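# Coordinate analysis (summary)
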Amino acid sequence: MTTHKTTGLTGPASTPTVSVKPVVLPAPQRGEDLHVRVSAPVTGANLPIVLFAHGFGSNLDGYAPLVDHWASHGLVVIQATHLDSRRLDIAADDPRKPEMWRYRVQDMKRILDELDTLEASVPGLAGRVDHSRIVAAGHSFGGQTAGILVGLRVMDPKTGTAQDMSDPRVMASIQLATAGNGGDELTPFAHESAPWLRDQDFSHMTAPGLVVAGDKDELPLSTRGPSWMTDPYTLSRGDKSLLTVYGGRHSLGGISGYEAAETTDEDPGRVTLVQQVTLAYLRHVTGTDHTDWETAQAALAGDSHPLGRLESK
């Protein structure tokens, strides 16, 4: 484990949280009911919502370092177990496999349709949630899911067409260690294992967004190396920010879980940085408070901070 560097950033005081799982939403066309987890602070009103999509293979119990942090600081966080989860163990020849990316977006839209049901499932939460302030967030494959909800166009590998699957209920996005451009930059492995990455169009992403990328994130999907993960920032339009995590690999220091086995770059300092900057952004973009975001922008400008750099366009 590397030395823990402090971020020098602070944030609001945390509060106790409550989490309920699984809330089961019927989804007959999906082939499996949709299992959802809702985490929320036990106090507070007019709470914004974060719709969080896990990375490939994970589930609604993942990403506790982020989910717990956001919920304890005034946000309602909603997670689903998507069809690609190892927990569901769908067969390799299942006809739903090539459409996993699309089922994920449909999962999110189903959650948005059932917000009243989900809110009522958590004791004491009903009436305390602001349905007009919803941010989509996700890690890796989940970052693409979040991006689609704010305008990312994905060419369907089966039909060869791309459609607008954005949702006006989502006001902004956070994309963590998320895939970039397709085409000639994809490896043969990516063409075979993730055909939904072959042609992505970021130009319709005009909603505000934060992109988080590790500068050591080498994936077998692209020939470009870590800069590939910054494409959701550089190729999209609108008000965007990019947090570059120094030394960060695909798990960005360990955001996927406490002591998660798949973490390759375990570093509490990196996790704290991602926690604090994403929380500051969530509070900023939902209009809750701008102070912490302005502090983060100042502290992480240029190359002066040992943990990362924050830039905006």
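Since this is a predicted model, take the numbers as computed values, not measurements.

## A look at the packing of aromatic side chains
- The tally for this structure, following the rule as stated, stands at five aromatic pairs.
- Seen in terms of ring centroids, F141 and W196 are 5.1 Å apart; in terms of plane orientation they differ by 5 degrees. Their pairing is stacked. Residue F141 is located in helix α4 (residues 141-149), and its partner W196 is located in the loop between α5 (188-193) and β8 (200-201); the two are separated by 55 residues in the primary sequence.
- A residue is classified by how much of its surface remains accessible, and W196, at 7% relative accessible area, is buried.
- One aromatic cluster is present, formed by F52, Y63 and W70 through successive ring pairs.
- One cation-aromatic arrangement involves R104 over F141; the distance from NZ or CZ to the ring centre is 4.1 Å.
- Stacked on the ring of Y233, the Lys or Arg K313 has its end atom at 5.2 Å from the ring centre.

## Side note on the pattern of salt bridges
- Overall, the coordinates contain 21 salt bridges when judged by the stated rule.
- Taking the shortest distance from any N to any O, the salt bridge between R87 and D61 comes out at 3.0 Å. Remark: D61 occurs in the loop between β3 (47-53) and α1 (64-71) and R87 occurs in the loop between β4 (76-80) and α2 (100-113); sequence separation between them is 26 residues.
- Residue classification places D61 among the partly exposed positions, given a relative accessible area of 28%.
- The salt bridge involving R153 is made with D164; its shortest N-O contact spans 3.8 Å.

Thresholds, definitions, all that
Residues numbered from 1 in each chain as written. Predicted model: local features only at pLDDT ≥ 70, side-chain atom pairs only at ≥ 80, totals over all residues. Heavy atoms only, no water. Phe/Tyr/Trp six-rings, centres within 6.5 Å; stacked < 30°, edge-to-face > 60°. Helix = DSSP H or I, 4+ residues; strand = E, 2+ residues; numbered from the N terminus. Buried < 20%, exposed > 50% of the residue type's maximum accessible area, 1.4 Å probe, protein only. Lys NZ or Arg CZ within 6 Å of the ring centre and 35° of its normal. Salt bridge = Lys/Arg side-chain N within 4 Å of Asp/Glu carboxyl O.

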